[in-house]
There are 2 protein chains.
Amino acid sequence: MAKNDGFMTEALQEAEQAGSRGEIPVGAVLVMDGKILARSGNRTRAENDVTAHAEINVIREASRLLGQERLTGADLYVTLEPCAMCAAAISFARIRRLYYGAEDPKGGGVDHGGRFYAQPTCHHVPEVYSAIAERQAAELLKRFFQEKR
Amino acid sequence: MAKNDGFMTEALQEAEQAGSRGEIPVGAVLVMDGKILARSGNRTRAENDVTAHAEINVIREASRLLGQERLTGADLYVTLEPCAMCAAAISFARIRRLYYGAEDPKGGGVDHGGRFYAQPTCHHVPEVYSAIAERQAAELLKRFFQEKR
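Within an unreviewed UniProt entry, the label attached to chain A reads tRNA-specific adenosine deaminase, and the organism entered is Pseudorhizobium flavum. Chain A has a UniProt comment under Catalytic activity (unreviewed entry) that states "adenosine(34) in tRNA + H2O + H(+) = inosine(34) in tRNA + NH4(+)". Of chain A, the UniProt comment under Subunit (unreviewed entry) reads exactly: "Homodimer."

*Asks:* Help me understand the overall build of chain A, please; the structure alone is not making it clear to me.
*Replies:* Of the regular secondary structure elements, chain A holds 4 helices and 5 strands. From first element to last, N terminus to C terminus, chain A shows the α and β order α-β-β-α-β-α-β-β-α. Here the C-alpha atoms of chain A give a radius of gyration of 14 Å, agreeing with the 15 Å that 2.2 N^0.38 yields for 149 residues. Dimensions along the principal axes, computed over C-alpha positions, put chain A at roughly 40 × 35 × 30 Å. Buried positions account for 52% of the 149 residues belonging to chain A. Within chain A, contacts between residues at least 6 apart in sequence are counted, and of these 57% link residues at least 24 apart. Carbon and sulfur atoms make up 46% of the accessible area of chain A, which totals about 6800 Å². Placing the 19 positive and 20 negative side-chain charges of chain A at their respective mean positions leaves the two points 2 Å apart.

*Asks:* Would you mind going over the nonpolar core with me for this structure?
*Replies:* By size, the foremost hydrophobic cluster in this structure holds 77 residues, and its most contacted members are Leu30(A), Ile59(A), Leu76(A), Leu30(B), Ile59(B) and Leu76(B). The biggest single contributor to this core is helix α3 (residues 84–92) of chain B, with 8 residues. Here Leu76(B) is in contact with Ala28(B), Val29(B), Leu30(B), Glu55(B), Val58(B), Ile59(B), Ile90(B), Ile95(B), Arg97(B), Leu98(B) and Tyr99(B), once residues within four sequence places are set aside.

*Asks:* Explain the sheet that holds strand β4 (residues 97–102) of chain A to me, please; I cannot follow it from the model alone.
*Replies:* All names here are of chain A. The sheet built from 5 strands is open, its strands ordered β2-β1-β3-β4-β5 with mixed pairing. For this open sheet the edge positions go to β2 (35–41) and β5 (127–129), each flanked by a neighbour on one side alone. Taking the axes of each pair of neighbouring strands and ignoring which way they run, one obtains an average angle of 15° across the sheet. In this sheet, β2 lies alongside strand β1 (residues 27–32) in antiparallel orientation, the contact comprising 6 bridges. Opposite Met-32, over in β2, you have Lys-35 as the bridge partner. Of the strands in this sheet, β1, β2 and β3 (75–80) are in contact with helix α2 (residues 54–66), which crosses β2 at around 135°.

*Asks:* Would you take a moment to explain the sheet that holds strand β2 (residues 35–41) of chain B for this structure?
*Replies:* In any sheet, the strands associate via hydrogen bonds between backbone groups, in a parallel or an antiparallel arrangement. Residue and element names in this part refer to chain B. Pairing is mixed across the open sheet formed by 5 strands, whose spatial order is β2-β1-β3-β4-β5. Where the open sheet ends on each side, the last strands, each with one partner, are β2 and β5 (127–129). Looking at each pair of strands side by side, their axes are set apart by 15° on average, direction ignored. Sitting on the sheet, helix α2 (residues 54–66) touches β1 (27–32), β2 and β3 (75–80), and the angle it makes with β2 is about 135°.

*Asks:* Would you mind showing me how to read the interface of chain B and chain A here?
*Replies:* On the side of chain A, 28 residues touch chain B, which itself brings 28 residues to the contact. Between chain B and chain A, a total of about 2300 Å² is buried, with carbon and sulfur atoms accounting for 62% of that surface. Between chain B and chain A we count 2 salt bridges in total. Notably, a salt bridge pairs Asp49(A) with Arg60(B), separated by 2.8 Å at the nearest N-O pair. For the interface between chain B and chain A, the tally reads 5 residue pairs in polar contact (both at pLDDT 80 or more). Within the residue set of the side of chain B that touches chain A, elements represented by two or more residues are α2 and α3 of chain B. Considering each element in turn, the side of chain B that touches chain A owes the most residues, 5 residues, to α3(B). A class-by-class count of the residues in the side of chain B that touches chain A yields 12 nonpolar, 11 polar and 5 charged.

Reading the values: rules and limits
Residues numbered from 1 in each chain as written. Chains lettered and ligands numbered in written order. Predicted model: local features only at pLDDT ≥ 70, side-chain atom pairs only at ≥ 80, totals over all residues. Heavy atoms only, no water. UniProt positions renumbered as here; feature names shortened; annotations may be inferred. Helix = DSSP H or I, 4+ residues; strand = E, 2+ residues; numbered from the N terminus. Rg over C-alpha atoms; globule rule 2.2 N^0.38 Å. Buried < 20%, exposed > 50% of the residue type's maximum accessible area, 1.4 Å probe, protein only. Contact = heavy atoms within 4.5 Å. Areas by Shrake-Rupley, 256 points an atom, 1.4 Å probe, with all protein chains shown as cover. Lys, Arg positive; Asp, Glu negative; His and termini not counted. Charge placed at Lys NZ, Arg CZ, Asp CG, Glu CD. Core = buried A, V, L, I, M, F, W, Y, C linked by side-chain atoms within 4.5 Å. Pairing = 2+ DSSP bridges. Axes fitted to C-alpha atoms, helices over the stretch in contact; angles between N-to-C directions. Buried area = accessible area lost by both parts, 1.4 Å probe. Salt bridge = Lys/Arg side-chain N within 4 Å of Asp/Glu carboxyl O. Polar contact = N/O pair within 3.5 Å; in protein donor to acceptor, adjacent residues only side chain to side chain. Nonpolar A, V, L, I, M, F, W, Y, C, P; charged D, E, K, R; others polar.

The following block contains the structure:
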């Protein structure tokens, strides 16, 4: 298995764990120098915090661990296309590469909606790689919402 | 002085205090049932957290105080047009009205950039009132960046 797939597998585990806690199953890991520095699932319900998306959680945790705002050189793996909030935070944190799983035509802010990185005012644009382990990520979400109904 | 101006004056005080701490001078207050529930300036430097914009801080604080994710019925006053990250968080939190001061053609995500609330996929659109105490808010920012140079 390629290294990138390995990190996405870790993000998928975080997504699964989030789903089993009743959270929307999205997971993320933040990688620095080839190692996972922070990992999280969606925690909006657990923390009563609409900002506690997996991506925000790993950015905040990594910044706390490193004692710095910017995560230059870091790569972020997330199972779902980031929303506008997370896309902006990823840019603000100067993340180098964004790998995401499933597309999110309804809520995504990278390749859908406001397409944050395509705005001429966006100061830092990460390299974006989409459709990494897309099927597994989408399957997790589909199953979660089917069980909800 | 109109009531709305009063709340914006409180937000301006938070912005001033942020500036005196070396943070970009932006401030916000979150109002519920006519009372200020949470207030904050920008704290990105103090907390080494790119997500610690004034708006995110008051949303997280209010949610913590109320023990709920959604702040239905809350009004948010912020001295600068929210960025894409904050615009999305304001929508996710179901904030009723957004009052902002200065426009932000470079970083704003409400009336500039991705115009989050104008996206057909945006689930909750707050009422938006702009240019509240605009001159004072813009002046604070201008002075801050002049002194930096």
